[in-house]
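This is what each chain is made of:
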Amino acid sequence: MLETILNTKKQEIATLVMPESTKVERRSLYQAIKQPNRELGLIAEVKKASPSKGLIREDFQPVEIAKAYEAANADAISVLTDQQYFQGHRDFLTAIKKETNIPIMRKDFIIDEQQVEESFRIGADAILLIAGTVSDEELFQLYQSSHQKGMECLVEVHAASELSSLLTVFTPELIGINNRNLKTFSTSLAQTEDIAKLVPEGSLFVSESGIHGYEDVKRVQKAGAGAILVGESLMRAESPNLGIKHLFGELTHDSTS
């Protein structure tokens, strides 16, 4: 699946039309999740669909969802901008950035300098970079050019070997450990526990995927995660507020909402 997506990205890059630059104040994703509103940082995701789950939320109002996340004290927001596989759009990010006051991360498959420039122009505070989509050296170049433009990067790995390899080239400030197996699409929080042992001191790591409730939150926190990135369970919740409250065990047992 990843190979298919990356081939699509290469085609998209070849015909990429740069948007006009949006003047925005950049906010630090790192600082937001280093000093979170709760016991653990929360990057809440605005996500309509995915290749593994199909349509996740039918009534999809990206700006309203993002504003609700902010009102519920999420520390940052991740916005899917891939159109073909996730039914996202770069315009969603720009619209959300204009209506919120917390850091906004662009989640896409960023493999080229042009996409870094595009991310900057649409108003992203940070971007996701995925180990294994390009060489570690190329990833470092994208990381550097992003930082030069005033954007931060969450560098995502799916295996201990990926992180070990990456660390021979550079040490990201923010490391994402994705609990999803990219070959089978199944998730396991054991992935966070295994890879966490390799996270260098000084780097903050974010556990991503497969986090559905407070027990999951406590488990990845015990493994050393400084933050979690959650999309699907929040998007399937009755409301973003209730989804976040459920996630952090803030709903009382007698609550009917």
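If you're wondering where the values come from, they're calculated on a predicted model, not measured in any experiment.

Asker: Explanation requested: the overall build of the protein chain in the structure shown.
Answerer: A tally of regular secondary structure across the protein chain gives 11 helices and 10 strands. Taken over C-alpha atoms, the radius of gyration comes to 17 Å for the protein chain, in line with the 18 Å a tight globule of 257 residues would show. Buried positions account for 53% of the 257 residues belonging to the protein chain. Here the analysis covers contacts within the protein chain between residues at least 6 apart in sequence; of these, 67% occur between residues at least 24 apart.

Asker: Can you walk me through unusual backbone geometry in this structure?
Answerer: The backbone of Asn73 shows a phi angle near 70°, a positive value even though the residue is not glycine. Among the secondary structure elements, Asn73 is positioned in the loop between helix H3 (62-71) and strand E4 (76-80). A relative accessible area of 39% places Asn73 in the partly exposed class. The phi torsion at Ser209 lies on the positive side, around 75°, for a residue other than glycine. By secondary structure assignment, the location of Ser209 is in the loop between strand E9 (204-208) and helix H9 (214-222).

Asker: What am I meant to see in the packing of aromatic side chains here?
Answerer: The geometry of an aromatic ring pair comes down to the distance between the two centres and the angle between the two planes. Overall, the coordinates contain 4 aromatic pairs when judged by the stated rule. Arranged with centres 6.1 Å apart and planes meeting at 35°, the rings of Phe86 and Phe109 form a pair that is tilted. Of the two residues, Phe86 is situated in the loop between E4 and helix H4 (90-99) and Phe109 in the loop between strand E5 (104-107) and helix H5 (113-122); the sequence distance between them amounts to 23 residues. Its relative accessible area of 11% is what places Phe86 among the buried residues.

Asker: Teacher, can you tell me more about the UniProt feature "domain: Indole-3-glycerol phosphate synthase" (unreviewed entry) in the protein chain here?
Answerer: Under the present numbering, the feature "domain: Indole-3-glycerol phosphate synthase" (unreviewed entry) in UniProt falls on residues 6-247. What you have in residues 6-247 is 39% helix and 18% strand, and the ends, taken at the C-alpha atoms, are 32 Å apart.

Asker: Would you mind showing me how to read the nonpolar core here?
Answerer: In this structure, Leu42, Tyr69, Leu129, Ile228 and Leu247 are the most contacted members of the largest nonpolar core, which totals 76 residues. For this core, the element with the most residues is strand E6 (residues 126-130), which contributes 5 residues. Beyond its immediate sequence surroundings of up to four residues, Leu42 is in contact with Ala74, Asp75, Ala76, Ile228, Val230, Ile244, Leu247 and Phe248.

Asker: Mind showing me how you'd approach helix H11 (residues 240-247) here?
Answerer: Side chains that are three or four residues apart share a direction in an α-helix, a result of its 3.6 residues per turn. By the burial criterion, the buried members of H11 are Pro240, Leu242, Gly243, Ile244 and Leu247. Packed against the buried residues of H11 are strand E1 (41-46), H3, H9, strand E10 (227-230) and helix H10 (232-236). Positive backbone phi, approximately 65°, marks Gly249, located one or two places after H11.

Asker: It is not clear to me how the environment of Gly224 should be interpreted in this structure. Could you clarify?
Answerer: Along the polypeptide, Gly224 turns up in the loop between H9 and E10. By relative accessible area, Gly224 is classed as partly exposed at 44%.

Procedures and definitions
Residues numbered from 1 in each chain as written. Predicted model: local features only at pLDDT ≥ 70, side-chain atom pairs only at ≥ 80, totals over all residues. Heavy atoms only, no water. Helix = DSSP H or I, 4+ residues; strand = E, 2+ residues; numbered from the N terminus. Rg over C-alpha atoms; globule rule 2.2 N^0.38 Å. Buried < 20%, exposed > 50% of the residue type's maximum accessible area, 1.4 Å probe, protein only. Contact = heavy atoms within 4.5 Å. Phe/Tyr/Trp six-rings, centres within 6.5 Å; stacked < 30°, edge-to-face > 60°. UniProt positions renumbered as here; feature names shortened; annotations may be inferred. Core = buried A, V, L, I, M, F, W, Y, C linked by side-chain atoms within 4.5 Å.

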